[in-house]
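Summary of the model geometry
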Amino acid sequence: MLLAHAIALAETRSYLAALADQAPTLAATTAYDDVLLYFDAIHSDEVPALELLPLIEPRLLHELTEKALLDLVPFGFDPLHLELILAMIDDACGHPATTPTDPGGDRP
């Protein structure tokens, strides 16, 4: 593994952990932890250690996480895994674009 690859992995992992730490609800924390576990499984748990990050505004942290994931593409990160992780992150943060709506109104 190249040094640049290890740095990109550590950065991504750190941002994912920070998203989980700063999540507003337990469900969101659990969702971000699931993303982190999936990310680790993709790399056979051979991922560099996390670095502690200061508190960062959630939207900026989300953007930094996306950029860090995109930085992994030149190192052979599967685009399908990338899209799946980005979708999982959007679901975890309750992004309006991916939040399902009920077209039937107030049906039980």
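Rules of the game
Residues numbered from 1 in each chain as written. Predicted model: local features only at pLDDT ≥ 70, side-chain atom pairs only at ≥ 80, totals over all residues. Heavy atoms only, no water. Helix = DSSP H or I, 4+ residues; strand = E, 2+ residues; numbered from the N terminus. Contact = heavy atoms within 4.5 Å. Areas by Shrake-Rupley, 256 points an atom, 1.4 Å probe, with all protein chains shown as cover. pLDDT = per-residue confidence, 0-100. Phe/Tyr/Trp six-rings, centres within 6.5 Å; stacked < 30°, edge-to-face > 60°. Expected span 1.5 Å × (residues − 1). Buried < 20%, exposed > 50% of the residue type's maximum accessible area, 1.4 Å probe, protein only. Arc of directions from axis to C-beta. Polar contact = N/O pair within 3.5 Å; in protein donor to acceptor, adjacent residues only side chain to side chain.

A few words on the overall build of the protein chain. Helix and strand counts for the protein chain stand at four helices and zero strands. Reading the helices (α) and strands (β) of the protein chain from amino to carboxyl end gives α-α-α-α. The contacts in the protein chain between residues at least 6 apart in sequence include a share of 74% that link residues at least 24 apart. Accessible surface, the protein chain as shown: approximately 6,700 Å² in total, 62% of it carbon and sulfur.

Where the model shows low pLDDT, its predicted coordinates should not be examined in detail. Summary statistics for the protein chain give a mean pLDDT of 76 and a share of 77% for residues scoring 70 or more. Confidence drops under pLDDT 50 across residues 96–108; counting only partners more than four residues distant or on other chains, this segment forms four contacts.

Describing an aromatic ring pair means giving the distance of the ring centres and the angle of the ring planes. All chains considered together, the criterion is met by one aromatic pair. Ring centres of F39 and F77 lie 6.1 Å apart, and the angle between their planes is 50°; on these two criteria the pair is classed as tilted. Taken together, the residues span a long stretch of sequence, with F39 in helix α2 (residues 26–42) and F77 in the loop between α3 (58–70) and α4 (79–93) at a distance of 38 residues.

The end-to-end C-alpha distance of α3 is 18 Å, a good match for the 18 Å that 13 residues give at a rise of 1.5 Å each. Among the residues of α3, those classed as buried are L61, H62, T65, A68 and L69. With its buried residues spanning 125° around the axis, α3 presents them on a single face. Of the surrounding secondary structure, the elements contacted by the buried residues of α3 are α1 (3–21), α2 and α4. Its side-chain oxygen at 3.1 Å from the backbone nitrogen of R59, E57 defines the N-terminal cap of α3.

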